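Here is what each chain is made of, one letter per residue.
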Amino acid sequence: RLLGVPEVARCMSYFPVVVRTEHLRGLREHIRSLHKEGLSRMVEVLAAQGKPWSEFNVLCSYLYEFHRREYSWLFQRSEPARANDP
């Protein structure tokens with residue numbers, strides 16, 4: 001939705017995450033070019049629409065899609081939680 005690419009992981013589970021500052025700038029530029037709005041405005045739009053989002057998932061998805069070879073990645077596969085799980 002926000003990036004126009006699939007979400008690759010629930011990145012809140014993968015700390016620490018070290019990011020190059022120029023990639024943060026690139027993320028903001030990508031969102032602006034895609035939506036013709038800045039990140040702050042897009043967050044307001046998503047909130048008004050009741051659409052959940054995570055800044056960590058957005059960041060990781062952007063980095064994975066556009067800068068994958070510049071980082072080391074280690075993801076752990078897990079099964080989705082079921083309704084009756086404690």
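Please refer to the structure higher up on the page.
Computed from a predicted model, the values in this text were never measured in an experiment. (Residues numbered from 1 in each chain as written. Predicted model: local features only at pLDDT ≥ 70, side-chain atom pairs only at ≥ 80, totals over all residues. Heavy atoms only, no water.)

Caption draft 1: Quick peek at the overall build of the chain. Looking only at helices and strands, the chain has 3 helices and 0 strands in total. For the chain, the α and β elements follow one another from N to C terminus as α-α-α. The principal-axis extents of the C-alpha atoms in the chain amount to approximately 40 × 35 × 20 Å. A burial count over the chain gives 28% of its 86 residues as buried. In the chain, of all internal contacts separated by at least 6 residues, the share reaching a separation of at least 24 is 81%. Surface exposure of the chain reaches about 6700 Å², of which carbon and sulfur atoms provide 51%. Of the side-chain charges in the chain, 13 are positive and 10 negative, and the distance between the mean point of each set is 3 Å. (Helix = DSSP H or I, 4+ residues; strand = E, 2+ residues; numbered from the N terminus. Buried < 20%, exposed > 50% of the residue type's maximum accessible area, 1.4 Å probe, protein only. Contact = heavy atoms within 4.5 Å. Areas by Shrake-Rupley, 256 points an atom, 1.4 Å probe, with all protein chains shown as cover. Lys, Arg positive; Asp, Glu negative; His and termini not counted. Charge placed at Lys NZ, Arg CZ, Asp CG, Glu CD.)

Caption draft 2: Here's a closer look at the state of the cysteines. Here the structure, examined in full by the defined rule, presents 1 disulfide. Two residues share a disulfide in this structure: Cys11 and Cys60, whose sulfurs sit 2.5 Å from each other. Here Cys11 is found in the segment before α1 (21-35), whereas its partner Cys60 is found in helix α3 (residues 55-67), with 49 residues between them in sequence. Residue class for Cys11 comes out buried when judged on its relative accessible area of 1%. With a relative accessible area of 5%, Cys60 lands in the buried category. (Disulfide = S-S within 2.5 Å.)

Caption draft 3: Spatial organisation of the pattern of salt bridges. Tallied over the entire structure, the rule returns 3 salt bridges. For the salt bridge of Arg10 with Glu7, the shortest nitrogen-to-oxygen distance reads 2.9 Å. In this structure, Glu44 engages Arg41 in a salt bridge whose closest nitrogen and oxygen atoms are separated by 3.2 Å. Here Arg41 and Glu44 lie together in helix α2 (residues 39-48), a separation of 3 residues that amounts to about one turn. (Salt bridge = Lys/Arg side-chain N within 4 Å of Asp/Glu carboxyl O.)

Caption draft 4: Focus on the nonpolar core. Grouped together as the largest cluster of nonpolar side chains are 12 residues: Leu2, Leu3, Val5, Leu27, Ile31, Met42, Leu46, Val58, Leu59, Tyr62, Leu63 and Tyr71. Looking at this core, the elements with two or more residues in it are α1, α2 and α3. Element by element, the count of residues in this core is highest for α3, at 4 residues. Discounting chain neighbours no more than four positions away, the residues touching Val58 are Leu2, Leu3, Leu27 and Trp53. (Core = buried A, V, L, I, M, F, W, Y, C linked by side-chain atoms within 4.5 Å.)

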